[in-house]
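# Residue-level structural notes
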Amino acid sequence: MARYILQRLGYMLITMFLIATFSFFLMKLLPGSPLKAEEKLSEAQLEILYEKYDLNDPVPIQYINYLGNLVQGDLGVSFQLNNQPVTDILANRIPVSAHLGIQAMILGTIIGMILGLVAAIKNNSWIDYTANVVSVIGISIPSFIFAGLLQYYVGVQLGILPIAFWDSFKHTIMPTISLAIFPLAIAARFLRTEMIEVLGSDYIVTARAKGVSNSGIMFKHGLRNALIPLVTVMGPMAVSLMTGTLVIEQIFSIPGIGEQFVTSVTTDDFPIIMGTTLFYAFFFILIILIIDILYGIIDPRIRLAGGKD
Amino acid sequence: MRKANWLLLAMALLLSVFLAACSGGSSSEGDNSGDDTETTEGTDTEGEGETEGGEASGEQVLNLLDTSQIPTMDSSHATDAVAFQYLGETMEGLYRLGENAEPVPGIAEGEPEVSEDGITWTIKLREDAVWSNGDPVTAHDFVFAWRRAINPDTGSEYGPFMMNDVLKNATAINNGEAEVEELGVEAVSDYELKITLEKAVPYFHSLLTFGTYLPQNEKFVTEQGDDYALTSENLIFNGPFVLEDWDPKANEQWTLKKNEDYWDAETVQLEEINVSVVKETSTSVNLYDTGEVDRASLTAEFVEQYAGTEDYRTLPEPTLFYLKMNQENEALANQDIRKAIAMAINKQDLVDVILANGSIPANAAVPVDFTTHPESGEDFRDLNGDLLTTDKEAAKEHWQAGLDALGVDSVELGYLGGDTETATEMDAYIKNQLEETLEGLTVNISSVPFEERLARDEASDYDIQNSGWGPDYLDPSTWLNMWTSDSPYMTMNYHNEEYDALIKEANNELLTDLPARYNNFLEAEKVLMDDAAIAPLYQRSRAYLWRPSVKGVLFQPMGADFSYKWAYIEE
């Protein structure tokens, strides 16, 4: 297992290097420069500024310089938030996005799993139908609609929760709920389908024949097997939730990373583009690794390479 | 084995949680739920422009929203209205824009002493102004800040933009051809500043109110080094308010507190201004409706709902939008074709239906309420009137004449526009107006992001472009210099010798003869519009929900949008 993880970490480094390279050159294909008053400055004035910010160097040279700094952990400074170190921006804003993302993931997955489980057990009952309707709504209606509705009815009309901002636990409730709807729906649907299938399989029949208790069947055999596809979809979803969601963060005015992610591209803020992309990539690869490890634990039939020890 | 596996699972889960959840401690303070804003109906909804007369009553706390983070609080690096807004509240330059956009003394003790030729400005400074660290504000602070802004090593964008060709040697210094010490500004004594200009700049007085010309305390800035202005902790102030809790890398809220050490502190009535960044209009409106904030800007879809209420206000901005027509295109090189395009669009419907925020149709190249004649005091627009109005019949005639001259019966034109919702809606409307009125015209819209549009503009790679401009100083030249043959902004290949000559004369021989200079601008605009070099569309306004009890907020035509020095709350 240890060797396997080490090997995977090696691949991770190579993947990160490739991602850094590709995104750097793709980014350089964007039109314009990170300067803010580009529209107003004359050609000569722009030249002086390009020189100052090393934007005149040939792209391969810029790339080598960037990699050099990256290896030393220096991601540069932002242009949009003048002179602020990218690492500081990421370090301050990612935790906020991650906090919201994790709360939403936990809430969504737990309620979703309960809903899916109940729906599977009470297959074709009214509970099942209700759960189905809930998950269809959750998947088809975008989160910002829920956010808007919650904000208006709970925040303005009832006035029991703050409308926006990020101060206390109370402030996190509405954004968490809005964000949790999607994972909730996905979890409910996947678990229901899988459970129904698993509960119909031969080994469950065998287990029943052997006299295993109902709850034992459900949790030890049923749920454990039904979890695999769920883990597969939830992993990447967790990444996207935790790395900031532009819309929810904007509606509730949350100082997360979601906005930097998007505006850095439209404003050509190169250091931020690279910083957020690399972080996202790193996080994504890491989650995939964790999922692969989880597979083996949930289902011993799935063997990892060299996983015999 | 099984036990170990479950343990591993638990650990993996823990690890993933740990990796992602290093949260906490990042929430910002600043109590934004101002419960003090229950309004009693103010009898006067004006609010603007009355610095005297009203009585401040109730708690003097203002809760505001902004649509963007403050990008920087370093005056050498500020480039946008948000940065200039908060620099303007917390810093004081030689002058400050007062009522009717007239410069009033700030750190300067009185009016400047200007030499006969308009080149040398001597300004006495007040001796009672201090920085928030206790240091006195001296002439050296101005010298330091201005040199810093023009020094190419600083990498300032607005330094060269605002100072080149204005301050003596600025251009040469920025190009690296002269030393920064040669900049035309020197401290004669601690409290006397001598400024030497490249030429007599008629609008220099108002330029001195601009953010780029603010002072900086050399000792503090040098001490802070790279950390200068990164958070409110790394700043000192000399203006009406001090900034607190500002840390753009971590939170989106900040507070302005009254600066008790400000030289004119007794004028300042507001105790505190709390600001939060909210980009979503519906959220702003919800916060306004529940009384948490005192102002919310509105987008078109909300205007209908609030127009006519006591809280609804529109503020005109001197920002113009127009179609640039590239004369490299054979059809657009024809004056009749350009006139036809300029006259074919119903601008009234455009501002009423598509924009719906109080914007007004523009029929010339200089906005309304921007500058006045130096002698008569009449507005530029009143003097020159409407020069290029909507007239569909005339448009059709010009169109036919143009087609005949070109010897064709149809024309196809590319149209470069923005990719925002309003922009695409507006461009579709304009396309429709043009194609419907002008028979044989096909307009092909490309909606591109802002950066892409700039790139194509610089490369002159467009036929028609929907473009806009905000002023940088209070002078008609900020609008009219753009359209000369040798202007760096001339990407549409328009050349008119008469126009060039008028503008050149205004910027050289007539610099000290202000009325004659102003007449040149009036003439030049007529030439420009007669040529239909650009097709003016509209002058932008912004719509707000604005608590009627908030008074005395000044609206500024350049730099910052508002000034709160004289603001107060009357409950």
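Residues numbered from 1 in each chain as written. Chains lettered and ligands numbered in written order. Predicted model: local features only at pLDDT ≥ 70, side-chain atom pairs only at ≥ 80, totals over all residues.

Take the overall build of chain A next. Across its full length, chain A holds twelve helices and zero strands. With the C-alpha coordinates of chain A rotated into their principal frame, the extents come out at 85 × 60 × 30 Å. Of all intrachain contacts in chain A linking residues separated by at least 6 positions in sequence, the fraction that spans at least 24 positions is 72%. (Helix = DSSP H or I, 4+ residues; strand = E, 2+ residues; numbered from the N terminus. Contact = placed C-beta atoms within 7 Å.)

Let us look at the overall build of chain B. For chain B, the helix and strand inventory stands at 18 helices and 21 strands. Taking 25 Å as the expected radius of gyration for a compact globule of 571 residues, we find that chain B reaches 26 Å, a close match to that expectation. Principal-axis analysis of the C-alpha atoms gives chain B an extent of 80 × 80 × 60 Å. Every one of the 571 residues in chain B was classed for burial, and the buried ones make up 48%. Contacts in chain B between residues at least 24 apart in sequence constitute 70% of all its contacts with a sequence separation of at least 6. (Rg over C-alpha atoms; globule rule 2.2 N^0.38 Å. Buried ≥ 20, exposed ≤ 12 C-beta atoms within 10 Å, placed from the backbone.)

Below, the discussion takes up the interface of chain A and chain B. Counting residues at the interface gives 52 residues for chain A, matched by 54 residues for chain B. Elements represented by at least two residues in the side of chain A that touches chain B include exactly helix H2 (43-52), helix H4 (86-121), helix H6 (143-158), helix H10 (246-251) and helix H12 (270-298) of chain A. For the side of chain A that touches chain B, the leading source of residues is H4 of chain A, giving eight residues. Grouping the constituent residues of the side of chain A that touches chain B by class yields 26 nonpolar, 17 polar and nine charged. (Nonpolar A, V, L, I, M, F, W, Y, C, P; charged D, E, K, R; others polar.)

A separate point is the sheet that holds strand S1 (residues 61-66) of chain B. Residues and elements named next belong to chain B. Judged by pairing direction, the sheet is mixed, and its four strands sit side by side in the order S1-S10-S9-S8 without closing on themselves. Whereas interior strands pair on both sides, the edge strands pair on one side only; in this sheet they are S1 and strand S8 (241-244). Here the average twist between neighbouring strands, direction ignored, is 20°. Where S1 and strand S10 (residues 272-277) come together, six bridges link them in parallel fashion. The residue of S10 that forms the bridge with Leu 62 is Ile 273. Contacts from helix H2 (residues 81-90) reach S1, S8 and strand S9 (253-258) within the one sheet, and its direction differs from that of S8 by about 125°. (Pairing = 2+ DSSP bridges. Axes fitted to C-alpha atoms, helices over the stretch in contact; angles between N-to-C directions.)

Another aspect to go through is unusual backbone geometry. Residue and element names in this part refer to chain A. Notably, Asp 54 is not glycine yet its phi reads approximately 55°, a positive angle. The residue Asp 54 is located in the loop between H2 and helix H3 (59-71) in this model. Residue classification places Asp 54 among the exposed residues on the basis of 11 C-beta atoms within 10 Å.

This part is about the confidence of the model for chain B. Residue and element names in this part refer to chain B. In this model, chain B carries a mean pLDDT of 89, and residues with pLDDT of at least 70 account for 91%. Across residues 11-52, confidence stays below pLDDT 50; counting only partners more than four residues off in sequence or on other chains, it has 73 contacts. For this predicted complex, the interface score ipTM comes out at 0.89, alongside a pTM of 0.87. (pLDDT = per-residue confidence, 0-100.)

Turning to the packing of helix H1 (residues 2-28) of chain A against H3 of chain A, a few remarks are in order. All names here are of chain A. The N-to-C vectors of H1 and H3 enclose an angle of 135°; their axes lie 11 Å apart at closest approach. One element, H1, and the other, H3, form an angle in the oblique class. Crossing of H1 over H3 shows right-handed handedness. Residues Ala 20, Phe 24, Phe 25 and Lys 28 of H1 touch H3, and the partners they reach there are Val 59, Tyr 63, Tyr 66 and Leu 70. (Parallel < 35°, antiparallel > 145°, perpendicular 65-115°, else oblique. Left-handed = near helix turned anticlockwise from the far one by under 90°.)

Let's shift gears to the sheet that holds strand S5 (residues 120-124) of chain B. Residue and element names in this part refer to chain B. Across the sheet, four strands lie side by side as S4-S5-S7-S6; this open sheet has antiparallel pairing. Each edge of the open sheet is held by one strand with a lone partner, namely strand S4 (113-114) and strand S6 (185-189). In this sheet, S5 lies alongside S4 in antiparallel orientation, the contact comprising two bridges. Pairing of Glu 113 across the sheet is with Thr 122, part of S5. Each of S6 and strand S7 (192-196) is contacted by helix H3 (residues 139-150), which is oriented at about 165° to S6, the strand it contacts most.

Residues and elements named next belong to chain B. With respect to the helices, strands and loops of the structure, Glu 92 is situated in the loop between H2 and strand S2 (95-97). For Glu 92, a count of 27 C-beta atoms within 10 Å puts it in the buried group. Expressed as a C-alpha distance, the spacing of Glu 92 and Gly 239, which sit 147 residues apart in the sequence, is 4.6 Å.

Our next topic: the UniProt feature "transmembrane region" (unreviewed entry) in chain A. Residue and element names in this part refer to chain A. Mapped onto the present numbering, the UniProt feature "transmembrane region" (unreviewed entry) falls at residues 9-27, 100-121, 133-153, 173-191, 227-252 and 272-298. Annotation note: span residues 100-121, helix share 100%, strand share 0%, distance between end C-alpha atoms 31 Å. As a span, residues 133-153 carries 90% helix and 0% strand, and end to end its C-alpha atoms are 22 Å apart. (UniProt positions renumbered as here; feature names shortened; annotations may be inferred.)

Let us now look at the environment of Glu 280 of chain B. As for its position among the elements, Glu 280 of chain B is in the loop between S10 and helix H8 (281-289). The exposure class assigned to Glu 280 of chain B is buried, which follows from the 21 C-beta atoms found within 10 Å. In sequence terms Glu 280 of chain B and Ile 236 of chain B are 44 residues apart; their C-alpha atoms lie 32 Å from each other. Dropping the residues within four chain positions of it, Glu 280 of chain B is found in contact with Gln 250 and Ile 251 of chain A.

With that out of the way, let us pick up helix H11 (residues 347-355) of chain B. All names here are of chain B. Among the residues of H11, Lys 347, Leu 350, Val 351 and Leu 355 are the ones counted as buried. The arc that holds the buried residues of H11, viewed along the axis, is 90°, so those residues lie on one side. Looking at the packing, one finds that the buried side of H11 touches helix H9 (300-306), strand S13 (360-361), helix H14 (421-437) and strand S17 (534-546). Where H11 terminates, the next one or two residues include Ala 356, which has phi positive at roughly 50°. (Arc of directions from axis to C-beta.)

The next thing to look at is the UniProt feature "domain: Solute-binding protein family" (unreviewed entry) in chain B. Taking the UniProt record as the reference, the feature "domain: Solute-binding protein family" (unreviewed entry) is found at residues 102-488 of chain B. End-to-end, the C-alpha atoms of residues 102-488 of chain B are 30 Å apart, and along that stretch the chain is 31% helix and 20% strand.

Note that soluble globular proteins tend to have their nonpolar side chains buried in a common cluster. Counting residues in each nonpolar core, the largest one holds 144 residues, and the members touching the most others are Leu 191 of chain A together with Trp 146, Val 166, Leu 243 and Ala 296 of chain B. The element best represented in this core is helix H7 (residues 169-199) of chain A, accounting for 15 residues. When near neighbours in sequence (up to four residues on either side) are disregarded, Trp 146 of chain B contacts Leu 167, Leu 183, Val 185 and Tyr 213 of chain B. Core analysis: the next-biggest nonpolar cluster, separate from the first, contains 58 residues, Tyr 322, Leu 434, Tyr 462 and Tyr 494 of chain B among them. (Core = buried A, V, L, I, M, F, W, Y, C linked by C-beta atoms within 7 Å.)

A few words on the domain arrangement of chain A. Each assigned domain of chain A is listed here: domain 1 (35-74) and domain 2 (92-267). In this structure, domain 1 of chain A and domain 2 of chain A have C-alpha centres spaced 43 Å apart. (Domains from an automatic or database assignment.)

Here we come to the environment of Val 201 of chain B. Residue and element names in this part refer to chain B. Summarising the element assignment, Val 201 is placed in the loop between S7 and helix H6 (204-207). Judged by the 20 C-beta atoms lying within 10 Å of it, Val 201 falls in the buried class. The spatial distance from the C-alpha of Val 201 to the C-alpha of Leu 511 is 6.7 Å, given a sequence separation of 310 residues.

Glancing now at the pairing of S6 of chain B. Residue and element names in this part refer to chain B. Where S6 and S7 come together, four bridges link them in antiparallel fashion. Counted as the bridge partner of Glu 186 is Lys 194 from S7. What sits between S6 and S7 in their antiparallel hairpin is a turn of two residues.

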